[in-house]
Amino acid sequence: MPSAPRTAVDKALDLVEAVARASRPPRLTDLAEEVGLHRATAYRVLVDLVRRGWVLRADDRYLPGPAVLQLSSSAARNSLGALARPVLTALSERTGMMVNLQVPEVDRSRVIDVVRPDRLAMISSLNGQALPVHRFAGPLALVAALAPADRAPYLRAAEESGYPLDGPDGLLADIEDAERTGFAVEYGRNEQPVASLARAVVTRPGAPVCALTLVGLGPDFGEARFPGLRERLREATDELTRILMGPAASGVPEDEDDEAAEDSGRTPGRSVSPSRPAPPSPSPSTEGPA
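One structure accompanies this document, and this report is about it. (Residues numbered from 1 in each chain as written. Predicted model: local features only at pLDDT ≥ 70, side-chain atom pairs only at ≥ 80, totals over all residues. Heavy atoms only, no water.)

This part takes up the nonpolar core. With 25 residues, the main nonpolar core has L101, L197, L212, L214 and F221 as its most contacted residues. If near-sequence neighbours (up to four positions away) are discounted, L214 is found in contact with L91, T95, M97, M98, V99, A195, S196, L197, F221, L229 and L233. (Core = buried A, V, L, I, M, F, W, Y, C linked by side-chain atoms within 4.5 Å. Buried < 20%, exposed > 50% of the residue type's maximum accessible area, 1.4 Å probe, protein only. Contact = heavy atoms within 4.5 Å.)

Structure below.
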C-alpha cells in the first residue's frame, strides 16, 4: 500500500529530528539527503524552523534551537515518565515486584521506565525495548483497550511472526479475555519462570495512554497473592489516570467538548471519561501473552 504524502508538518518534524540526532552539526545537504527532501525544499522549511527557534543556524551548519531545549527542560518535569515515576515506585514498594511503564507504538509497545527491586535483579528490565502483543502482558493490555478497528497493526505483527490469531489459544481470545477483565496476564511465555500482570491507563475510551505492568517470578503470582496484586495494580493505574486527567468538569473528552463549544458558541471546558473498572480476576493460564 503506497505511503501517504508527507505534509509540511512531517517535513518540519523530520528535519528537527535529524538535527537532534546528528552526531555533529549537519549541513543543509546532509539534512536534505537524510530526510529525503529536495535541497531547496529542505532550506525553505529550515528557514521557518530557525525563525520559530526549533533550529539554530551556525554558519552553514544547524543545531537544536532554544525551543527544543525549552521543550526538553519542560519534558523533564512534565513528561509521562516524570509524572508516572512516583506511581511506579510506590507500586513496586507495595508489591515487591518490578514495575514497568509502557506506551503504545505503531504495532508494539515500548518500555519507557522501570522500577526493579534488588531481589529481581536477575530478570531483564526490557527498558527501552519494543514488545510485541503476543509475548508480553503490557502490549496485550494496551491492545485490549484499543478500539477494535485500531488493533490491526498489532495483530498483523503477531501473525507475521507465526503466532495464531484464532482458536482458544489464539491471540484474539487473549485480547477478548483482557478486554473483559481489564487485566492482561502472562505466565512464562517470554521468559521462564517470569510472570506478569498489566493494566492499561485509559483517559478516553478506545485510546489507552500507557500501561503499568507488574513483573516477578511465577510463584509471586500464586492464587493467594493474585487478587491483592490485581487490586494494587488497579489502584496505581487509577491514580495515574487521575494525575493525567486533572480536574474533571464533565464526562466528555476535552477536545470533543471544545469542538462542541465552538459550534454552540459556549466557553470550552475540560472533560474526561473515567477508565473502565475491571471485573473479577482471570484464571491464570500458561498460555496468556506477556
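Now that the structure has been shown, the text picks up again.
Residue placement: Q102 occurs in strand 3 (residues 98-104). Within the structure, Q102 has its side chain in polar contact with the side chain of N100 (distance 3.0 Å). The residues contacting Q102, other than those within four sequence positions of it, are S109, R110, V111, L131, G138, P139, L142, C210, A211 and T213. (Helix = DSSP H or I, 4+ residues; strand = E, 2+ residues; numbered from the N terminus. Polar contact = N/O pair within 3.5 Å; in protein donor to acceptor, adjacent residues only side chain to side chain.)

Turning to helix 3 (residues 39-52), a few remarks are in order. Since there are 3.6 residues in each turn of an α-helix, residues three or four apart along the chain are aligned in direction. Compared with the 20 Å implied by 1.5 Å per residue over 14 residues, the 20 Å span of helix 3 between its first and last C-alpha is a close match. The inward-facing, buried residues of helix 3 contact helix 1 (8-21), helix 2 (28-35), strand 1 (55-58) and strand 2 (61-64). Note on helix 3: the residue one or two positions beyond its end, G53, has a positive phi of about 90°. (Expected span 1.5 Å × (residues − 1).)

With that settled, the discussion passes to the packing of helix 6 (residues 137-145) against helix 8 (residues 171-181). Packed helices, taken two at a time, are described by the angle between their axes plus the distance between the axes. Interhelical geometry of helix 6 versus helix 8 gives an angle of 75° and a closest axis separation of 8 Å. What the angle tells us is that helix 6 and helix 8 run roughly perpendicular. Taken together, the residues of helix 8 that come into contact with helix 6 (itself represented by L140, V143 and A144) are L171, D174, I175, A178 and E179. Looking at side-chain class alone, the contact of helix 6 with helix 8 contains six nonpolar, no polar and two charged residues. (Axes fitted to C-alpha atoms, helices over the stretch in contact; angles between N-to-C directions. Parallel < 35°, antiparallel > 145°, perpendicular 65-115°, else oblique. Nonpolar A, V, L, I, M, F, W, Y, C, P; charged D, E, K, R; others polar.)

Further remarks concern the pairing of strand 1. Direction of pairing for strand 1 relative to strand 2: antiparallel, over a ladder of four bridges. Paired with R57 across the two strands is Y62, which belongs to strand 2. Linkage of strand 1 to strand 2, two consecutive antiparallel strands, is achieved through a turn of two residues, within which D59 is found at a positive phi near 60°. (Pairing = 2+ DSSP bridges.)

Let's shift gears to the sheet that holds strand 4 (residues 109-115). Read from one edge of the open sheet, six strands run 5-4-3-8-7-6, paired in antiparallel fashion. Of all the strands in the sheet, the pair left with one neighbour each is strand 5 (130-131) and strand 6 (184-187). Where strand 3 lies against strand 4, six bridges are found, and the strand directions are antiparallel. Its bridge partner lying in strand 4, N100 is registered against V114.

What follows is about the side chain of T237. One can find T237 in helix 9 (residues 226-245). Only 2.6 Å separates the side chain of T237 from the side chain of R199, close enough to count as a polar contact. When near neighbours in sequence (up to four residues on either side) are disregarded, T237 contacts R199, A200, V201 and L212.

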